[in-house]
Every structure is written in C-alpha cells, then in structure tokens.
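# Fold and geometry: a report
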Amino acid sequence: MHSTEFGSKGRKKINKETALFELLLKIKDEQTMIYCSSSRRARMLSKKFYEFIKDKTTSYNYTVPLVEWVEENISKRWGLIALLKYKIAFHDGALQKHITSSIVKYFNEGHINFLFCTSTIIEGVNTSTKNIIIFDNKKGNKSIDYFDYSNIKGRAGRMMIHYIGKVYNFNPPIPKEEQMIIDIPFFQQNPIKDEVLIQLNEQEVKNKESQQYKKLQEIPIEERKLFKRNGVLVWGQKEILEILRRDINKKSELIIWTGMPKYEQLEYILNLGWDNLLKKSETKYPMTKKKLTKVTFDYSLKQDIRYLVISNYIFLKDDERNADLSKQELFDEAVRDAFGILRHWFQYKVPKILRTINSLQEFVCNERGIRAGNYSYCADIIESDFVRNNMSILLEYGIPKSAIKKLENIFDENISEEEVLKILKNTDILKYSNLLEYEINKITEGI
C-alpha cells in the first residue's frame, strides 16, 4: 500500500492503521516500539491492535506480576490486563512511575513485544528494540523535528541486544536541518510574563518605562516580595489577597484553619485557586471547579485510587460528549483520568494552590494582628499521597503506595527515612509481610 493512501481521517486513517496492524502481525515474535503522538493515541491504537490480533493468534500463558497488582489495586476491568496477555502494552507520562518502569522491564525481558509509546520513551528511559515504527509525525499537536526523529529511530537496534534494527516510517521523511536553533526565553522574552519580570532586579530590566513594569512597581514592596516568593500568577495572587482582606472578618472560619480542612474550608480555598491561580490557556477537562473540591476531599477520606476510578467513570458516563464510547472505553478513560488526577492535581496543582494561599492568608492575618492558619500539613500529605513522613522516600524509589501502606504497619513511625531504607536492604522483613509478588519485586529493584 502506498503512503499516499495514508491519512488522519476517513478511509486513509483506516488504511494506515490496517497497514500497521498487518505489519505488526508479521513481526509478532520480535520486539517493536510504535511511536504515537499522545498518550490517548497510544492507548487507542494498542486497544485497536488487540482487537485485530486476538482472533488471529493465541494469548501467552505467562502473566506478569503487574497483572495481580492491577486487579487488586485498580480494577480487573482495566483494559491493560487483556493487552498484556497478548504481549501488548502502552507507555506514556500519564501512568504511575512504578507501572512505566515495570512495562519497560517486561519489554526488555521479552514479556512484551508490542509497546505503543509516546515521546516519554526517548526521555531518559533505558530500553532498546528490534524494530521502531514511527506511526505519527507529531509530538502532541506539534510536528516532530529532525532531532526528535533521530532520537526515536535511535532506539532501534543496540549492540549486544539487537545487532540489526529496523525503522518503519509511516510518514514523509523529515529533512535534516542545516542548523539547530535553541530558543531560550529569558531577559529578551517578548512579551515577558509578569511572573518572570517580577523576579528581575532593577538593573536587569531593560525597559523601565513599559506600562507592564510600572504597574508591577505600583504593588507595595512587601506584597511584591510575597508574590515573588510564591512564583505564580502575580495578578491572581493580588486578587486573592484583596478577597482575603475583604473576607477575613466575616468568613474567618473558612480562611483560618490548620491541619485537614472541613469541606467548606477546602472548597473556599480551592475555588480561590481555580479562579485566580490557573492559567486561562491550560486544559482542565475533565476536571471542573466543583469536582476538584469533591475528589480532593473524598480522596482525603478514602485514600484509594479505586475511588477515583469509579467516580471518574460515573462522571464520564454521564457526560453526553462520551455517548459514542463503549463501557470498556469509558472505564479505560476513567483509569487514565484517575492517574492524571493523582499526578497533575494531587501531586502538583492542589499542593501549590494550598501553599500559595496559605502564605497569602498568613500575610493578611499578620496585617490584622491575628493568629494565622496553617495549610502546610494538608498540602504535604496530599502531595505525598497520604504516605507517612518517614515512608514517603519510598515513593521516590518507584515503590507503589500499596506496598508502602502495608509496610507502615511494620515500621515504627519514629524511625528515620534512612533507617527505613537500611532495614529494607539488610533484613528479611519482606518475608513476614503480606506483600504481593509485584510489590516485593518493586522494593528489591528500587532499593
């Protein structure tokens, strides 16, 4: 089939996918990476290939340990389980760290032959493959350049592993660039963001007559220092500061709290953050302002990703935009979104909102001479996925939270992180726990 019959819509799209699947079937006993433009594409194509191949070959008897962990901690319904039985998987930045590292390990060991991946596979991931298929020529919404193209195809064939590697490109060839230009936005950035400009010393500012600079200089110096330390949207912080000054007397119970908040307190703070600290250009769907408070509060009580999966599934099922999706597609999307909430919102956005507004309410309380609240514990515990302080270091080693929570019952809460690591390295303590095989593997591999 000629490449002119390939495209992104209609019959040409079907032609391209069919040609891919037929090629994969021919080389099914070889390890192959299929580069896709996005995580959604990688998952969609892996599922379509599974539907294509399952009636043309038999599944493999060997089941990787990850499957048992998924069944116990995510759901038996997640489509990844079915894919793995046919040596198919996907790899993208939306997955949890321990899952992506396991998928790469299984691929390197030959337990996975078809790996549908995004650009994350070329960003510091140690793996190689017999074949690389460059199915898409984009990275997100942007076309890949020659540098990206070279990095992707460079995964094919590594000495001492695969002596000969093949690259299959489903797109027009990318011309070699005569000159590589690296754009580093800094002092000469035009237009410069307020958040960058406010960080500069006076002598570093080239145009002190600009309206932008003059407007920033009108902010009282102590407020400027505060906004500079927080490092997020300047005028969003200013707006929140004025709202807190206005509300501090009548709504003090919503502002001045310590530890874990009540629902109304969390709602007040997260609504302020949603309205003023999120960039207008950033994609928020499927998250909404109302949903953010609910999932954050409920997850704080349940501390279980299975809750996020089910709540996301209900949300997506009730959204008329998803009317054409099957129940399995909706469920797989719900799992993807649950991981996204953990990574994007709980490990980053929500703690950042809490810490920023915490500093702003401290500022207002100090102005009024009243005792301030303290959201630090709430921000820290959400960011660490409700793992105990002396155990949270294990998250950095790629150990799943499920294993860490089981170990919390064994380790004294007063010992240090260093002692936790030392005991895990030098004792047989794992033999006396109720850890799954997968969890033990991740601990022994990680430390």
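Quick caveat: nothing in here was measured; it's all calculated off a predicted structure. (Residues numbered from 1 in each chain as written. Predicted model: local features only at pLDDT ≥ 70, side-chain atom pairs only at ≥ 80, totals over all residues. Heavy atoms only, no water.)

### A few points about the pairing of strand E3 (residues 114-117)
Here E3 shows a buried face lined by Phe114 and Phe116 and a second buried face lined by Leu115 and Cys117. Bridge count between strand E1 (residues 32-35) and E3: 4 bridges; the pairing is parallel. If you follow Tyr35 over to E3, its bridge partner there is Cys117. Note on the crossover from strand E2 (residues 88-91) through helix H5 (residues 97-109) to E3: the handedness is right-handed. (Buried < 20%, exposed > 50% of the residue type's maximum accessible area, 1.4 Å probe, protein only. Helix = DSSP H or I, 4+ residues; strand = E, 2+ residues; numbered from the N terminus. Pairing = 2+ DSSP bridges. Right-handed = clockwise from strand over helix to strand, strands pointing away.)

### Regarding the nonpolar core
Taken as a class, soluble globular proteins show a tendency for nonpolar side chains to be buried jointly. Counting 117 residues, the largest nonpolar core has Leu66, Trp78, Phe116 and Phe346 as its most contacted members. In terms of residue count, helix H15 (residues 327-368) provides more of this core than any other element does, 18 residues in total. In contact with Phe116, other than residues within four places in its own chain, are Leu20, Leu24, Ile34, Cys36, Ala42, Leu45, Ser46, Phe49, Ile88, Ala89, Phe90 and His91. Among the nonpolar cores identified, the runner-up in size contains 17 residues, and Ile393, Leu394, Ile404 and Leu407 belong to it. (Core = buried A, V, L, I, M, F, W, Y, C linked by side-chain atoms within 4.5 Å. Contact = heavy atoms within 4.5 Å.)

### Points about the layout of surface pockets
The calculated volume of the largest pocket comes to roughly 1200 Å³. Mapped by element, the contributors of at least two residues to the lining of the largest pocket are helix H2 (39-53), helix H4 (80-84), helix H14 (305-317) and H15. With 10 residues, H15 is the single largest residue contributor to the lining of the largest pocket. A per-class count over the lining of the largest pocket returns 13 nonpolar, 15 polar and 13 charged. What lines the second largest pocket is a set of 31 residues, among which Gln96, Asp385, Leu395, Pro400 and Lys401 lie closest to the centre. Contributions of two or more residues to the lining of the second largest pocket are made by helix H3 (65-73), H5, H14, H15, helix H17 (393-396) and helix H18 (401-408). For the lining of the second largest pocket, a count of residues per class yields 11 nonpolar, 9 polar and 11 charged. (1 Å grid on protein atoms, 1.4 Å probe; cavity = no way out; pocket = protein on both sides within 12 Å on 5 of 7 lines; lining within 4 Å. Points joined across faces, edges and corners; volume = space filled by probe spheres on them. Nonpolar A, V, L, I, M, F, W, Y, C, P; charged D, E, K, R; others polar.)

### Notes on the packing of helix H10 (residues 234-247) against H15
For the pair H10 and H15, interaxial distance at closest approach is 10 Å and the crossing angle is 45°. Between H10 and H15, the angle is such that the two are oblique. Considering how the two elements wind past one another, H10 and H15 form a crossing that is right-handed. Counting all contacts with H10, which are made through Gln237, Ile240, Leu241, Leu244 and Arg245, the residues of H15 involved are Thr356, Ile357, Leu360, Gln361, Phe363, Val364, Glu367 and Arg368. (Axes fitted to C-alpha atoms, helices over the stretch in contact; angles between N-to-C directions. Parallel < 35°, antiparallel > 145°, perpendicular 65-115°, else oblique. Left-handed = near helix turned anticlockwise from the far one by under 90°.)

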